[in-house]
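Chain and residue survey
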Amino acid sequence: RRLACGDVEGRLEAIFGRVRAIQAKSGRFDMLLCVGNFFGATSEAEWAEYRTGAKKAPIPTYVLGANNQDTLSYFPDVSGCELAENITYLGRRGVYSGCSGLQIAYLSGTEAQEQPAPAHSFSAKDVAELKTSLLSTPNFRGVDILLTSPWPRDVGTFANSAGEIDTKKCGSKLVSDLAASLKPRYHFAALEKAYYERLPYRNHMVLQETPQHVTRFIALADVGNTTKKKYLYAFSIVPMSSMDPAELVKQPQDVTENPYRKLRKEAPKSKAPLCAEEEPARQFFFDLNKHQGKKRPSDGKERGDSQPKQAKKPPQPTGPCWFCLASPEVEKHLVVSIGTHCYLALAKGGLSPDHVLILPIGHYQSVVDLSSEVLEEVTKYKAALKEFFRSKGKRYVLFERNYRSQHLQLQVIPVPLDLCTSEDIKEAFIAQAQEQQIELLEIPEHSDIAQVAQPGTPYFYVELDTGEKLFHRIRGRFPLQFGREVLASEALLAQPQRADWRQCAAQRPEEAAQARAFRREFEPFDFSL
């Protein structure tokens, strides 16, 4: 049983008094791990009593080093040392291994903003050396605990809200890189005077890698804060080395996607150099180190710099495309909203009058092929449609068939809330899939489809507006109307006669009138206006 606390700021009596009270009530804990600022501007008087032995910490206490110039003098040995009885400075960076086998990785200080790095800061080299020392060990799976003072940048991606803290701006990218590589089961940080317990995130790619343990990130507030934010966290942990492998990799229901995957793909070369253990991963990602915003050349050679850099354009269709917005083939009377990168159009021969398609303006074959800015706008349209349909007492079902199609079409069909639950919808899809010997797998709701399907892979997937997803990798023939057939079936909309869009097509004036009506009702929710 362990305790972790946030910035002590020299309030030794406050933290140790709280620890004594907890132990009196709940029994003994094995250690106290302190992240953030252990010392503060007014630490000297309280600290002198512990330094001289007049007082003693009630529990073995392990602290990180200075985060500013003012408190450097409290840490005489950069490699770590005992500061007072029962109070140990872990050191600049390293790994603490307990007799039980518990492995604690630590990194002191804040990310350096200049070179050479000040004594209270860490550099890319510090992070690379810490990673190398662990990743080079045989059968490395991760560490039990990671201690840093700064938050990792982007830790809030795919997660519950961090309140007033903007996780896209707060914290350190080097810490994010460290956490992504070391895969801690618990990661503690501080400095932001806020408490944030992030939903656990996975450390593997769904359906592509062997399941691994999850990480729990916990940021702790400052000791004795007046707003009573949580600054002390009690937890029990069995060392990874002593756990049953199946138990270790169990995924909790609220697990999310790893928040650092995009960050690691997009990290510019000027940041931390990748250590040797990371090099093989480049084959799976775009290498943006030398070619910002472009794929690596397929021949592996450097492109010359003689041409000015331009944003990557989507591939061009090989023939006429019914869905590229600039194409004369597009039935523009069905278009109901146009954004910067995507547009909405009523489906021709829709299952219902408000059956819509989300389509990229440029030519992309599937969700997996979308650029980040197009994907971001797709997400905005999904959120707007969810709000719109919920205002009408409906939930949407979205599906994509990346098979025998050349332009991405995200089919969005509303279903009345009182007609069926999200569980009913999933069961209907799974039951019909089983009847047709289609393996339809449920994947975690926070998963990105790009994590389970490589570009060019034929697939079919369903997504509910709750984020729940079903996925099938197409390996042979696949029924083209499968998504419509399930939704039109007696189990859901009970309109089997509308399974084939060709049987539902209306005359152009009627389609135009439906589009005008939809456009008018959707207008309050349309972010593109």
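Above this note sits the structure.
I will try to describe carefully the structure that is included in this document. If you're wondering where the values come from, they're calculated on a predicted model, not measured in any experiment.

Considering the packing of helix α7 (residues 372–391) against helix α10 (residues 508–522)
Running from amino to carboxyl end, α7 crosses α10 at an angle of 95°, the nearest separation of the two axes being 11 Å. Between α7 and α10, the angle is such that the two are roughly perpendicular. On α10, the residues touching Ala 384, Leu 385, Phe 388 and Phe 389 of α7 are Phe 518, Glu 521 and Phe 522. Taken together, the residues that form the contact of α7 with α10 break down as six nonpolar, no polar and one charged.

Section: the pairing of strand β16 (residues 335–338)
Regular strands show a simple pattern: their side chains alternate between the two faces of the sheet. With three bridges joining them, β16 and strand β17 (residues 342–346) adopt antiparallel strand pairing. Bridged to Val 335 within β17 is Ala 345. Linking two consecutive strands that pair antiparallel, namely β16 and β17, is a turn of three residues.

A short note on the nonpolar core
Counting residues in hydrophobic clusters, the biggest one holds 34 residues, and the most contacted among them are Ile 358, Leu 385 and Phe 518. Sorting the residues of this core by element identifies β17, β18 (356–360), α7, β19 (394–402), β20 (410–416), β22 (459–464) and α10 as the ones contributing at least two each. Here the element with the most residues in this core is α7; it accounts for seven residues. Discounting residues that sit within four places of it in the chain, Phe 518 has contacts with Val 336, Leu 346, Asp 354, Val 356, Leu 385, Phe 388 and Phe 389. Core analysis: the second largest hydrophobic core is formed by 30 residues, Ile 22, Ile 59, Val 63 and Leu 232 among them.

Let's talk about the pattern of salt bridges
All told, the structure shown has 25 salt bridges when counted by the stated rule. Between Arg 185 and Asp 144 there is a salt bridge, with its nearest N and O atoms 2.7 Å apart. On the criterion of sequence distance, the pair formed by Arg 185 in the loop between α4 (173–182) and β11 (186–189) and Asp 144 in the loop between α3 (124–135) and β10 (145–148) is long-range, its members being 41 residues apart. Residue Asp 144 is classed as buried on the basis of its relative accessible area, which comes to 2%.

Quick notes on the sheet that holds strand β23 (residues 469–473)
Spatially, eight strands are ordered β16-β17-β18-β20-β19-β22-β23-β21 in an open sheet, and the strand pairing comes out antiparallel. At either margin of the open sheet sits one strand with a lone partner, and together these are β16 and β21 (441–443). Taken over all neighbouring pairs, the strand axes of this sheet differ in orientation by 25° on average, direction set aside. Pairing of β19 with β20, which is carried by six bridges, proceeds in the antiparallel orientation.

The rules behind these values
- Residues numbered from 1 in each chain as written.
- Predicted model: local features only at pLDDT ≥ 70, side-chain atom pairs only at ≥ 80, totals over all residues.
- Heavy atoms only, no water.
- Axes fitted to C-alpha atoms, helices over the stretch in contact; angles between N-to-C directions.
- Helix = DSSP H or I, 4+ residues; strand = E, 2+ residues; numbered from the N terminus.
- Parallel < 35°, antiparallel > 145°, perpendicular 65-115°, else oblique.
- Contact = heavy atoms within 4.5 Å.
- Nonpolar A, V, L, I, M, F, W, Y, C, P; charged D, E, K, R; others polar.
- Pairing = 2+ DSSP bridges.
- Core = buried A, V, L, I, M, F, W, Y, C linked by side-chain atoms within 4.5 Å.
- Buried < 20%, exposed > 50% of the residue type's maximum accessible area, 1.4 Å probe, protein only.
- Salt bridge = Lys/Arg side-chain N within 4 Å of Asp/Glu carboxyl O.

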